[in-house]
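Descriptive structure summary
Residues per chain are reported as follows:
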Amino acid sequence: QVQLVESGGGLVQAGGSLRLSCAASGRTFSNGGMGWFRQAPGKEREFVASISSNGGNTAYGDSVKGRFTISRDNAKNTVYLQMISLKPEDTAVYYCAAGQVTVWAVRIRDWYKYWGQGTQVTVSS
């Protein structure tokens, strides 16, 4: 079992930055691929970014590419999402997710087995 707790969300003006953190516990963190997804009201949960078990591979959704950066610190059991140049359309609940050991950065939502409770990000115009 893996427990995931997100933090770092909040209210920011357009053009601003935030860094989300996801603290993992319950098993060896370095084992699993990790991802960030987001869900806005009335919309499907969408892929934001992912990272492989050793951090060697990353992937990003088209809408965040060049603005968001995913990273992980296996010594701290934490994955991060650095977000810059935020836009109002980035407003959503952001979820951290964990899966199995992988060399790939997985984009598929259903691949992930464990999910956090989410953290709200609101970008004002």
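First things first, this report covers the structure right here in the doc. Source: prediction; values computed, not measured. (Residues numbered from 1 in each chain as written. Predicted model: local features only at pLDDT ≥ 70, side-chain atom pairs only at ≥ 80, totals over all residues. Heavy atoms only, no water.)

With that out of the way, let us pick up the overall build of the chain. Secondary structure summary: the chain contains zero helices and eleven strands in total. The order of helices and strands in the chain, counted from the N terminus, is β-β-β-β-β-β-β-β-β-β-β. The C-alpha extent of the chain, read off along each of the three principal axes, is 40 × 30 × 25 Å. Nonlocal contacts in the chain, meaning residues at least 24 apart in sequence, comprise 61% of its contacts between residues at least 6 apart. Surface summary for the chain: the accessible area is close to 6300 Å², and the carbon and sulfur share equals 48%. For the chain, the separation between the mean place of its 13 positive charges and that of its 8 negative charges on side chains is 5 Å. (Helix = DSSP H or I, 4+ residues; strand = E, 2+ residues; numbered from the N terminus. Contact = heavy atoms within 4.5 Å. Areas by Shrake-Rupley, 256 points an atom, 1.4 Å probe, with all protein chains shown as cover. Lys, Arg positive; Asp, Glu negative; His and termini not counted. Charge placed at Lys NZ, Arg CZ, Asp CG, Glu CD.)

Let us now look at the pairing of strand S5 (residues 46-51). Burial of S5 is extensive: five of the six residues sit out of reach of the surface. By the bridge criterion, five bridges tie strand S4 (residues 34-39) to S5 in an arrangement that is antiparallel. What sits directly across from Phe-37, in S5, is Phe-47. With antiparallel pairing between neighbouring strands as the criterion, S4 and S5 make up a hairpin whose turn holds six residues, including Gly-42 at a positive phi of roughly 80°. Note: S5 against strand S6 (residues 58-60), three bridges, orientation antiparallel. Looking at S6, one finds that Ser-50 is bridged to Ala-59. Once S5 ends, the chain turns through six residues before running back antiparallel as S6, passing Gly-55 with a positive phi of about 80°. (Buried < 20%, exposed > 50% of the residue type's maximum accessible area, 1.4 Å probe, protein only. Pairing = 2+ DSSP bridges.)

In terms of burial, strand S8 (residues 78-83) is a largely internal element, five of the six residues being buried. Direction of pairing for strand S3 (residues 18-25) relative to S8: antiparallel, over a ladder of six bridges. Note that in S8 the partner of Arg-19 across the bridge is Gln-82. Sheet topology note: the strand S7 (residues 68-73)/S8 ladder contains six bridges and is antiparallel. Bridging across to S8, Thr-69 finds its partner in Gln-82. What sits between S7 and S8 in their antiparallel hairpin is a turn of four residues, with Asn-77 showing a positive phi close to 55°.

Before going further, it helps to examine the sheet that holds strand S1 (residues 3-7). Spatially, the four strands line up as an open sheet ordered S1-S3-S8-S7, and their pairing is antiparallel. Of all strands in the sheet, those with a lone pairing partner are S1 and S7, marking the two edges. Here the strands of the sheet are splayed against their neighbours by 15° on average, with no regard to which way each runs. (Axes fitted to C-alpha atoms, helices over the stretch in contact; angles between N-to-C directions.)

So, about the pattern of salt bridges. In the structure shown here, the tally under the stated rule is six salt bridges. We note a salt bridge from Arg-38 to Glu-46, for which the minimum N-O separation is 2.6 Å. Overall, Arg-38 belongs to the buried group, its relative accessible area being 5%. We classify Glu-46 as partly exposed; its relative accessible area is 33%. Notably, a salt bridge pairs Arg-109 with Asp-110, separated by 3.9 Å at the nearest N-O pair. (Salt bridge = Lys/Arg side-chain N within 4 Å of Asp/Glu carboxyl O.)

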